[in-house]
Amino acid sequence: MHAPGPVHVIGGGLAGSEAAWQIARQGVPAMLHEMRPLRSTDAHKTGSLAELVCSNSFRSDDAEGSAIGLLHAEMRRLGSLVMQAADAHKLPAGGALAVDRDGFSTAITAALEGDPLIDIRREEILAPPADWDNVIIATGPLTSPALAETIRTLTGEDALAFFDAIAPIVHRDTIDFGIAWFQSRYDKAGPAGSGADYINCPLTRPQYEAFVDALLAGGKIAFRDFEATPYFDGCLPIEVMAERGRETLRHGPMKPFGLTNPHQPQQKPYAVVQLRQDNKLGTLFNMVGFQTKLKHGEQVRIFRSIPGLANAEFARLGGLHRNTFLNSPKLLDATLRLKAMPRLRFAGQITGCEGYVESAAIGLLAGRFAAAERRAEPPHLPPTTTAHGALLGHITGGHVETIDAGPRSFQPMNVNFGLFPPLAGVARGARKQALCVRALADLDAWIGAAVPHAAE
Ligand SMILES: Cc1cc2nc3c(=O)[nH]c(=O)nc-3n(C[C@H](O)[C@H](O)[C@H](O)COP(=O)(O)OP(=O)(O)OC[C@H]3O[C@@H](n4cnc5c(N)ncnc54)[C@H](O)[C@@H]3O)c2cc1C
């Protein structure tokens, strides 16, 4: 009988490097296929594995009050190579974890090259060969065009996006319901709704005029050279819509029709901003049609001028970038396998998470799931109360799919507390810390319940 072959990992970025490491830690051989330096992307500059293409920051390292810091802490407890290398090459950056980018990726490359269970091949994979029975595709936001085309053929025309069109997402409990109200346009229930599925924020004419002025004057982020301008119908940035005419927004995403403000039923709003439920937990609402290239600080300032959003906290701010990502909630199963071809599993930014650390965390899970499958063990899913479980939930099912016109509703997401099941009976000021405490306790119990391979 033949020994089972390796798990094939395509892409040696943040996710693929972590996945290969985790596979090997489970005693399973991995073959890591990375196309650089033979062929590069528009953003990478070296042949190193896990290259950081832009900033050198892993963001906040606070595991008691920030979701990304919590994810760091969980990854450390799960033996993450990315976190080991980050900690070994950290630079002074206040409460953030910043790293020496060359030291970081050199350390990861050396660790993977030195691992007897990992075989690194420098080659571009155009399509995973049919005899690879256990594959992780972790080719990232700049997946090579040939492989992207293969994936598109496997998943369907609309299932793989080449740009994101991100509208800001607001934590529901920071919206002022003394001003805003729940109502669907013309009270239509739709296929899965109640007739009151949207949160509406009303603007008077002077407020609308001031809002349009602020959008026009607000600082914007330019596209990178290689991105080109990805505008297409149904996905124009709001500031571009505002440039096309002062009334354009009022006839587009801010139209006031079919809505009655219960706080002032006699007064018709001049314009309305609508927010739609984004996750099954009902904790997050996205600003419908508000994809934007405004700078993040400008978004916070300008969007807080909308009545009802003065104290809004944003789980995600808007953006529009070159990206490559799947409609994962529809296409992937609970362990990140393509439902239509389960020998293929996806990891990293291509699944719809956003950021270096999140991509590595999803690589960590994908590696463990793939190794368990190779060992004929059941997958060990992280609790939904952990940062890993919350992020995985966003990718594989927590997002509420909508069928409205406009950009696809599943869009990339950083880890944030809105993705966690809420905690009842905890004062607002103590909530983040309580979520972190619960997450780490549940993670430790989960790790304790894992099959101890080392003892075999
Ligand atoms: C321009 C740009 C700037 C960014 N800035 C930041 C930032 O400042 N902070 C942040 O947190 N995130 C940033 N991101 C997001 C960042 O890319 C991801 O968070 C992270 O690198 C994704 O990890 P990944 O492993 O999914 O993909 P990557 O790290 O991109 O790794 C994918 C790997 O797959 C390889 N590959 C692609 N196709 C093939 C193929 N067919 N065969 C073999 N190998 C292949 C690539 O060469 C690459 O090494 C940025 C993204 C871009 C595009």
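Data block above holds the structure.
The structure presented is a predicted model; accordingly, all values stated were derived computationally and were not measured. (Residues numbered from 1 in each chain as written. Predicted model: local features only at pLDDT ≥ 70, side-chain atom pairs only at ≥ 80, totals over all residues. Heavy atoms only, no water.)

## Regarding the pairing of strand S15 (residues 322-326)
Defined as follows: Burial classes: relative accessible area under 20% of the type maximum marks a residue as buried, over 50% as exposed, and values in between as partly exposed (1.4 Å probe, protein chains only). Numbering of helices and strands runs from the N terminus, with a helix taken as a DSSP run of H or I at least four residues long and a strand as a DSSP run of E at least two residues long. Note on pairing: two strands pair once DSSP finds at least 2 bridges between them.
For S15, the tally of buried residues reaches 4 of 5 residues, placing the bulk of the element in the interior. The sheet contact formed by strand S8 (residues 160-163) and S15 spans 3 bridges and is antiparallel. Pairing of Ala161 across the sheet is with Phe325, part of S15.

## Thoughts on the packing of helix H3 (residues 81-88) against helix H4 (residues 101-113)
This is how it is decided: To get an axis, fit a line to the C-alpha atoms, keeping to the stretch in contact for a helix; angles then go from 0 to 180 degrees between the N-to-C directions. Roughly parallel means an angle under 35 degrees; roughly antiparallel, over 145; roughly perpendicular, 65 to 115; everything else is oblique. For a crossing to be left-handed, the near helix must be turned anticlockwise from the far one by less than a right angle; the clockwise case is right-handed. When checking whether two residues touch, look at their non-hydrogen atoms; a contact exists if any pair is within 4.5 Å. Throughout, the ten residues Ala, Val, Leu, Ile, Met, Phe, Trp, Tyr, Cys and Pro are labelled nonpolar, Asp, Glu, Lys and Arg are labelled charged, and all others, Gly among them, are labelled polar.
Interaxial distance between H3 and H4 falls to 9 Å at its minimum, and their mutual angle equals 135°. With respect to H4, the axis of H3 lies oblique. In the crossing of H3 with H4, the sense of the turn from one axis to the other is right-handed. Contacts between H3 and H4 involve Leu81, Val82, Ala85 and Ala86 on the former and, on the latter, Phe104, Ala107, Ile108, Ala111 and Leu112. Its residues assigned to classes, the contact of H3 with H4 shows 9 nonpolar, no polar and no charged.

## A short note on the sheet that holds strand S1 (residues 7-10)
Taking strand neighbours across the sheet as the criterion, the 6 strands line up as S6-S2-S1-S7-S17-S16 in an open arrangement whose pairing is mixed. Each edge of the open sheet carries a strand with a single partner, namely strand S6 (118-122) and strand S16 (337-338). Of the strand pairs in this sheet, S1 and strand S7 (residues 135-137) are connected by 3 bridges, and their pairing is parallel. By the bridge assignment, Val9 is partnered in S7 with Ile136. Docked against the sheet, helix H1 (residues 14-25) engages S1, strand S2 (30-34), S6 and S7, running at close to 165° with respect to S1. The strands touched by H4 within the sheet are S2 and S6, with S6 carrying the most contacts at an inclination of about 120°.

## Comments concerning the nonpolar core
This is how it is decided: Remark: nonpolar core denotes a set of buried residues (Ala, Val, Leu, Ile, Met, Phe, Trp, Tyr, Cys) joined through side-chain atoms within 4.5 Å.
If you look at the biggest cluster of nonpolar residues, it comprises 86 residues, and the most contacted ones within it are Phe58, Leu71, Phe104, Ile108, Ile136 and Phe420. For this core, the element with the highest residue contribution is helix H10 (residues 356-374), accounting for 11 residues. Among residues more than four places away in sequence, those in contact with Ile136 are Val7, His8, Val9, Ile10, Ala19, Ile23, Arg345, Ala347, Ala366, Gly367 and Ala370. Counting residues in hydrophobic clusters, the runner-up holds 33 residues, among them Ala214, Leu236, Phe285 and Phe303.

## What to know about the sheet that holds strand S10 (residues 181-182)
Taken in spatial order, the 6 strands of this open sheet run S10-S11-S12-S13-S9-S14, and their pairing is antiparallel. Sheet topology places S10 and strand S14 (314-316) at the edges, where each strand pairs with a single neighbour. Across the face of the sheet, helix H6 (residues 205-217) comes into contact with strand S11 (198-203) and strand S12 (271-277) while running at roughly 95° to S11.

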